[in-house]
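Single-letter residue listing:
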Amino acid sequence: MDDALKRATKYLLETQDPATGAIHNRMRNENAMTSLSILALAAQGIQPSDPTPEGTAMRQAVAFILRPEGQDQDGYFGMSDGSRMYGHGITTLMLSEMLGMGVDAKQDELIRAKCRKAISLILRSQKEPKTDQNRGGWRYSPDDKQSDMSVTVWQVMALRAAKNAGMDVPKDAIDDAVAYIKRLYDSDTGKRGGGAAGGFGYQSHGRESSTTAEGLLALQVCGEYASEEVRGASAKLLRDGLRQGDKWFFYTTYYYAQGMYQMGGKFAETGAQKVPELLLPLQSREGWWEGSGAEERQGGKVYATALAMLSLAVKNHYLPIYQR
């Protein structure tokens, strides 16, 4: 597994744009893909201050995110690269994890300032007028009146990481997001409180593996370790597992790996066994992974590679947001 991560790291470094420091496959979403790559490098203990090629690459990638044109005056990272609130959540999560890891005091303060503006935008966006079903969540744009699981989970991860790092995040913002996610839960029996396996949907009740893994991790990082929804989602993922070629395979595997690790015991043991079994045979000799379905292939090799790296690096415990 360590060899796989080394080859993947080498691929990301070779893909980095020497002119800008961005890490992407020239398919737009530069902020989001560069931030995902930074998280993948950080998950192996690499820091921007390291006097190594990896440290240099990370330093240049962070500098790309911090450039003035990357974030608009409202604090939004999702406009300049077209990554919308998905990318904004990913980039804000990355900045939250990088707090205190700048190469000097000046960069540390810039990371903090940009992260603070990004968090403020997430909080304002959550307060947009919405129906009872959509309240507490987020969707594609900051002023969206709807919500969905995938966009919401990235914002929740960013908020929790920022709060863990000492930034001001109101408790009611987390509580409202948790309530939204729980409204998407559906037990297999259709009866709440039965302790049965269950799952989460995308915008309504559902039990898809991708959204179930997302909901599981999001509730865990919000401290809901013993909730019915966490127990049910983890039971479903333990029972059903994942398969290569599933829709949103890399995305689901990332959340599955982190969520099962958080559960501990037989869940963590199963995840630790299954994730390498699923991912390692799919890695190319050059170190990259690529989505098999059209929905993930459009993300490019950097997208799949970074998510695979984050999935395999669970055991390292370097990123605070993923620590048990």
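Residues numbered from 1 in each chain as written. Predicted model: local features only at pLDDT ≥ 70, side-chain atom pairs only at ≥ 80, totals over all residues. Heavy atoms only, no water.

Draft legend 1. Structural context of helix 8 (residues 209-221). Taking 1.5 Å as the rise per residue, helix 8 with 13 residues should run 18 Å; its terminal C-alpha atoms sit 19 Å apart, in good agreement. When you tally the buried positions in helix 8, you get twelve out of 13 residues, the bulk of the element. Three or more residues of helix 8 are buried, namely Ser210, Thr211, Thr212, Ala213, Glu214, Gly215, Leu216, Leu217, Ala218, Leu219, Gln220 and Val221. Structurally, helix 8 contributes buried residues whose contacts are with helix 6 (149-164), helix 7 (171-183), strand 2 (198-200), helix 9 (228-240) and helix 10 (249-263). Just downstream of helix 8 lies glycine 223, where phi reads positive at about 90°. (Helix = DSSP H or I, 4+ residues; strand = E, 2+ residues; numbered from the N terminus. Expected span 1.5 Å × (residues − 1). Buried < 20%, exposed > 50% of the residue type's maximum accessible area, 1.4 Å probe, protein only. Contact = heavy atoms within 4.5 Å.)

Draft legend 2. Main features of the layout of surface pockets. Approximately 800 Å³ is the volume attributed to the largest pocket. Forming the boundary of the largest pocket are 33 residues, of which Tyr86, Trp248, Tyr251, Glu295 and Tyr303 lie nearest the centre. When contributions to the lining of the largest pocket are tallied by element, the ones reaching two or more residues are helix 2 (30-42), helix 4 (84-98), helix 6, helix 8, helix 10, helix 12 (294-297) and helix 13 (300-312). Among the residues making up the lining of the largest pocket, the classes are represented as 14 nonpolar, twelve polar and seven charged. Its volume calculated, the second largest pocket comes out at about 180 Å³. Considering the residues around the second largest pocket, the lining is formed by 13 residues, among which Ala268, Gly271, Ala272, Val314 and Lys315 are closest to the centre. The set of elements that each furnish at least two residues to the lining of the second largest pocket consists of helix 10, helix 11 (265-279) and helix 13. (1 Å grid on protein atoms, 1.4 Å probe; cavity = no way out; pocket = protein on both sides within 12 Å on 5 of 7 lines; lining within 4 Å. Points joined across faces, edges and corners; volume = space filled by probe spheres on them. Nonpolar A, V, L, I, M, F, W, Y, C, P; charged D, E, K, R; others polar.)

Draft legend 3. Region of interest: the side chain of threonine 9. Mapped onto the elements of the fold, threonine 9 is located in helix 1 (residues 2-15). A polar contact of 3.0 Å, which involves the side chain of threonine 9, links it to the side chain of glutamine 44. Excluding residues within four positions of it along the chain, threonine 9 makes contact with Leu41, Gln44, Ile46, Glu54 and Met309. (Polar contact = N/O pair within 3.5 Å; in protein donor to acceptor, adjacent residues only side chain to side chain.)

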